[in-house]
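Commentary on secondary and tertiary structure
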Amino acid sequence: MSATSTEPRPTEPPSRALRAAFRAFAAIEKVGNKLPNPFWLFWILAGAVIVLSAILAAAGVGTVHPGTHDTIEVRSLLSKAGLTTMVEGAVDNFATFPPLATILIVGFGIAVAEASGLFTTLLRRMVARVPGKYLTFALSMTAMVAHVAGDAAYVTLIPLGALVFRAAGRSPVLGCVVAYVAISAGYDASPAITTTDTLLSSISTAAAHTIDPDHVVTPVANYFFGLASSVLVALVITVVVEKVIARRSDLDPDEPVKALTAEELKAVEVTPEQRRALRRTGVAALGFVAVVAAAMFPADSPLRGEHGSLVESPVITGMSVVLFLFFALLGWVYGRGVGTFRTASDIVDALVEGARSYAPILVLFFAISQFLAYFKWTNIGNVIAVEGAEALKGMHLSGWTVLVGIAVLITFMNLVITSGSALWALAAPVLIPMLMLIGIEPETTQAVYRVADSVTNCVTPMSPYFAMCLGFIQQHKKSAGIGTLASFTIPIAAVVWIVWVAFFVAWYLLGIPFGVG
C-alpha cells in the first residue's frame, strides 16, 4: 500500500482540549520511539533484575508469606547458584514458557482457516448488503468477531469498511475509522475464543502459581465478560460515531462518493460458490461442537475432569488443541468448497506459512521467558507482591477501587508498550500475586487488564496499525494526517474507556462470573 509511505501532514485540531491531547501524544510518540525493540527491552530489564537482585540480597531484603508464614528472601543472580541457574536454565526457561506451545498450536489452526480464505469471506458476508442505518453497528460487531483472525483483521477489515460505507453512499473515511477503532479499541472483546484468550491465560496461570501452585486460569476464564463486552463496545462505538463523529464536516473525501465499480463490487460481494462453502463450514462448526458436547455429556466421560468436573476437563484445560482442530477443520471444509485447498499438501503449506508468521513472536518470547525466569528465581516479585498487598490492606481500599487504579496504570503503559502479550508478561507476575493476597482472583485481574490494554490501542501513534489506517484514509483524503485520525479516535476511545470500565466495575460488584472456571 503506497499510501502508508506518505508523510502525514498535521491538521489543526478543532478544539483546545484536542490540541493539548495531540501535544501529549506527540510527547508519548517521541518517548516511545526512543525505547528499544521489545526484544532488547526485556534483556535490559533482565540485566536490571540481575543487578537489583545482588543489591537487595546483600541488604538482606525479604518478607514473610502471609499464608505459609515462610520467610521469603531475595536471592542474588550474581551468586554461584544464580549464575548456574541463568546458564543451565536458559533452554528450559524458553521451552517451558507457558504461552510458547499454546500460541503455536492455536496459530496453526488459524493459519489453515486464514489460508483457505474463510476469514475474509466471512467478514465480507457479515457486512455486505447491511442497511445504511445499521452499518456502523454491523461493521463494529464484525470487528469483534474478526479478533479471531488476530492482526490480520486490520488488513482485511479497514479497506472493507471503506468499501461498504462507500457502497451505502457514506464517507469511506468514516468506514476506515469505524473498522480501525472497533478492531483496536475492543481488541480483547470477542464473542469467540481467540489466541489472546489462550495467550493471556497461560501467563496468568504461571503468575498465579507464585501464590497457589494448583490455580489454573483457563482460556475461557473471561469468556462471559468478553462476550458481553463485545456487544457493549460495538454499541458504544456506534452511538459515538453516529451522534458525534459522523456529523463532522471534515469527513468528506477528496472526490465525491461514487458508486462502486464492478471490480470493487467483486471485493465486497460474496459469490454463490463462497456462500455454499460458508454454509457447509457452518454445518461443520455445529457438528464439531455437537460431537465434543456429546462426548462430554456422560458423567463418566474421559473428557471430564476429576469427580466429573467440566471446568477442569481436558477440553477446557487443553483448549489450545481443541481450537486448533476446530479452526483447521473449518479451514479445510471451506478451502475444499472454494478450491483453495485441493490436496493434503495444501494444509501442510498453510501450517508452514503460519509458523513463519509467528517467528517474530518466538524471538520475543525467548527474551521474555528469560526475564520472567530471573524475576521469579530472585523472589523479587514475591516480595513486591506481599509488601504491596500489605500496603493495600493498610489503605483500606475497596476491591473495585484497586482494580480501577490498575486500569488507569495499564492504560498509560499501553500507550508506549503496545504489545499486549509483552505488557501482560511484565505486569502479571506482580499484579496477580499481589491481588490474590487481598482476595482478588487472577481471572478478575486479567479481565480488568484486558479492558485497559484494549482501549488506547486506537490512539497511540506507537501502534503500527495507526499508520496503516492513516494510509488507507489518505487514499480517500490526501490532506489527512496524524492529527486527523487522532481527532476521530480520541473521543471514541475516551467514551469506550469510561463505559467499559464502569461496566467492569458493575460486573465485579454484582459478583457475576467472568467466565468458566
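Source: prediction; values computed, not measured.

What follows deals with the overall build of the protein. The number of helices and strands found in the protein is 23 helices and 2 strands. Out of the 517 residues in the protein, the part that is buried amounts to 51%. When contacts within the protein are restricted to residue pairs at least 6 apart in sequence, those whose partners lie at least 24 apart make up 80%. In the form shown here, the protein has an accessible surface area of approximately 22,900 Å², with 66% of it arising from carbon and sulfur atoms.

Attention shifts here to helix α23 (residues 482-510). Between its first and last C-alpha atoms α23 spans 41 Å; for 29 residues at 1.5 Å apiece the expected length is 42 Å, and the two agree. Maximal helix bending in α23 amounts to about 25°, located at Thr-489; proline Pro-491 follows within four positions. The first or second residue beyond α23 is Gly-511, which carries a positive phi of 75°.

Its location among the elements puts Gly-169 in the loop between α8 (152-167) and α9 (172-185). Separated by 37 residues in the primary sequence, Gly-169 and Gly-132 have C-alpha atoms spaced 8.4 Å apart.

Our focus in this paragraph is the side chain of Ser-140. Its place among the elements puts Ser-140 in helix α7 (residues 135-146). Only 2.8 Å separates the side chain of Ser-140 from the backbone oxygen of Thr-136, close enough to count as a polar contact. The residues touching Ser-140, leaving out its near neighbours within four places in the chain, are Val-178, Ala-182, Ala-234, Ile-237 and Thr-238.

For the rest of this paragraph, the subject is the packing of helix α19 (residues 399-414) against α23. Think of two packed helices as two axes; the pair is described by the angle between the axes and how far apart they sit. Here α19 crosses α23 at 150°, and the two axes come no closer than 10 Å. When the axes of α19 and α23 are compared, the pair comes out roughly antiparallel. Crossing angle aside, the handedness with which α19 passes α23 is right-handed. Judged by residue contacts, Gly-399, Trp-400, Leu-403, Val-404, Ala-407, Val-408 and Thr-411 of α19 engage Trp-497, Val-501, Phe-504, Val-505, Tyr-508 and Leu-509 from α23. Its residues placed into classes, the contact of α19 with α23 shows 11 nonpolar, 2 polar and no charged.

Below, the discussion takes up the environment of Lys-376. Among the secondary structure elements, Lys-376 is positioned in helix α17 (residues 359-378). Exposure remark for Lys-376: the relative accessible area of 58% places this residue in the exposed category. Spatially, the C-alpha atom of Lys-376 lies 8.1 Å from that of Pro-429, the residues being 53 residues apart in sequence.

Taken as a whole and assessed by the stated rule, the structure comprises 23 aromatic pairs. Measuring from ring centre to ring centre gives 4.1 Å for Tyr-154 and Tyr-465, while their planes differ by 5°; the resulting arrangement is stacked. Of this pair, Tyr-154 sits in helix α8 while Tyr-465 sits in helix α22 (residues 464-474); the two residues are 311 residues apart in sequence, bridging distant segments of the chain. For Tyr-465, a relative accessible area of 18% puts it in the buried group.

Another aspect to go through is the environment of Ala-221. Here Ala-221 is to be found in the loop between α10 (195-208) and α11 (223-243). The class for Ala-221 is buried, based on a relative accessible area of 1%. When neighbours within four sequence positions are excluded, Ala-221 is seen to be in contact with Glu-443, Phe-514, Gly-515 and Val-516.

Moving on, we come to the confidence of the model for the protein. When the pLDDT values of the protein are averaged, the result is 83; 88% of them are 70 or greater. Predicted confidence in the protein is weakest over helix α1 (residues 16-34), with a mean pLDDT of 60, and strongest over α11, with 94. Scored below 50 in pLDDT, residues 1-13 makes 28 contacts in the model with residues more than four places away or belonging to other chains.

Between α7 and α8, the least distance of the axes is 11 Å, while the angle of their chain directions is 170°. Classed by the angle they form, the pair α7 and α8 counts as roughly antiparallel. Side by side, α7 and α8 meet where Leu-135, Thr-136, Leu-139, Thr-142, Ala-143 and Ala-146 of the first sit next to Ala-153, Leu-157, Gly-161, Val-164 and Phe-165 of the second.

Generally speaking, soluble globular proteins have nonpolar side chains that are buried together. In this structure, Leu-157, Tyr-180, Ile-237, Ile-368, Trp-424, Ile-492 and Trp-500 are the most contacted members of the largest nonpolar core, which totals 123 residues. Top element by residues in this core is α23. It accounts for 13 residues. If we skip the residues at most four places from it in the chain, Leu-157 touches Leu-123, Leu-139, Thr-142, Ala-143, Ala-146, Ala-179 and Ile-183.

With 20 residues, α17 extends 29 Å from end C-alpha to end C-alpha; this agrees with the ideal 28 Å at 1.5 Å per step. All buried positions along α17 are accounted for by Leu-364, Phe-365, Ala-367, Ile-368, Ser-369, Gln-370, Phe-371, Leu-372, Tyr-374, Phe-375, Trp-377 and Thr-378. Just past α17, the residue Asn-379 takes up positive phi, approximately 75°.

Right, let's get into the pattern of salt bridges. Enumeration according to the criterion identifies 3 salt bridges in this entry. In this structure, the salt-bridge partner of Arg-170 is Glu-242, at a minimum N-O distance of 3.2 Å. Here Arg-170, found in the loop between α8 and α9, pairs with Glu-242, found in helix α11; they are 72 residues apart in sequence, far enough to count as distant. For Arg-170, a relative accessible area of 18% corresponds to the buried category. Given the relative accessible area of 25%, Glu-242 is considered partly exposed.

Bringing a positive patch on the surface into the picture now. On the surface, a cluster of positive charge is contributed by Arg-125, Arg-276, Arg-279 and Arg-280. With respect to the helices, strands and loops of the structure, Arg-125 is situated in helix α6 (residues 118-127). According to the relative accessible area criterion, Arg-125 is partly exposed, its value standing at 45%.

Cut-offs used in this document
- All residue numbers refer to positions counted from 1 along the written sequence of the respective chain.
- For a predicted model such as this one, the threshold for reporting local features is a pLDDT of at least 70, and the threshold for listing and counting side-chain atom pairs is 80 or more; totals across whole chains, interfaces and linings nevertheless cover every residue.
- The side-chain numbers reported here are obtained from all heavy atoms of the structure, hydrogens and water having been left aside.
- Helix numbers and strand numbers start at the N terminus; a helix is a DSSP run of H or I with at least 4 residues, a strand a run of E with at least 2.
- Remark: exposure states derive from per-residue accessible area (1.4 Å probe, protein chains only) relative to the maximum for the residue type, with buried under 20%, exposed over 50%, and partly exposed in between.
- Working rule for contacts: check all heavy atoms of both residues, and any pair within 4.5 Å makes them a contact.
- Surface exposure here means Shrake-Rupley accessible area, sampled with a 1.4 Å probe, where a residue is shielded only by the protein chains that are shown.
- Here the expected length of a helix is defined as 1.5 Å per residue gap, with one fewer gap than residues.
- What the bend at a residue measures is the angle between two axes, fitted to the seven residues ending there and to the seven starting there.
- The term polar contact refers here to a pair of N or O atoms within 3.5 Å; inside protein, the definition further demands a hydrogen-donor-capable atom paired with an acceptor-capable atom, and it admits residues adjacent in sequence only when both atoms are side-chain atoms.
- Only the contacting stretch of a helix is used when fitting its axis, a line to C-alpha atoms as for every element, and angles between N-to-C directions run 0 to 180 degrees.
- If an angle is under 35 degrees, it is roughly parallel; if it is over 145, roughly antiparallel; if it lies from 65 to 115, roughly perpendicular; otherwise it is oblique.
- Crossing handedness is defined as follows: a turn of the near helix away from the far one that is anticlockwise and smaller than a right angle gives a left-handed crossing, while the clockwise case is right-handed.
- For this classification, the nonpolar set comprises Ala, Val, Leu, Ile, Met, Phe, Trp, Tyr, Cys and Pro, the charged set comprises Asp, Glu, Lys and Arg, and every other residue, Gly included, is treated as polar.
- Each Phe, Tyr or Trp ring (for Trp, its six-membered ring) is paired with any other whose centre lies within 6.5 Å, and the angle between the two planes then decides the class: stacked below 30 degrees, edge-to-face above 60, tilted in between.
- A residue's pLDDT is the confidence the predictor assigns to it, expressed on a 0 to 100 scale.
- Residues belong to a common nonpolar core when they are buried Ala, Val, Leu, Ile, Met, Phe, Trp, Tyr or Cys residues joined through side-chain atoms within 4.5 Å.
- When a carboxyl oxygen of Asp or Glu is within 4 Å of a side-chain nitrogen of Lys or Arg, the pair counts as a salt bridge.
- Grouping into patches uses exposed residues only, defined as over 30% relative accessible area, and leaves out salt-bridged ones; the cut-off is 9 Å for like charges and 5 Å for nonpolar side chains (Val, Leu, Ile, Met, Phe, Trp, Tyr).
- When charges are counted, Lys and Arg contribute as positive and Asp and Glu as negative, whereas His and the chain ends are disregarded.
- Taken as the charge location is NZ of Lys, CZ of Arg, CG of Asp or CD of Glu.

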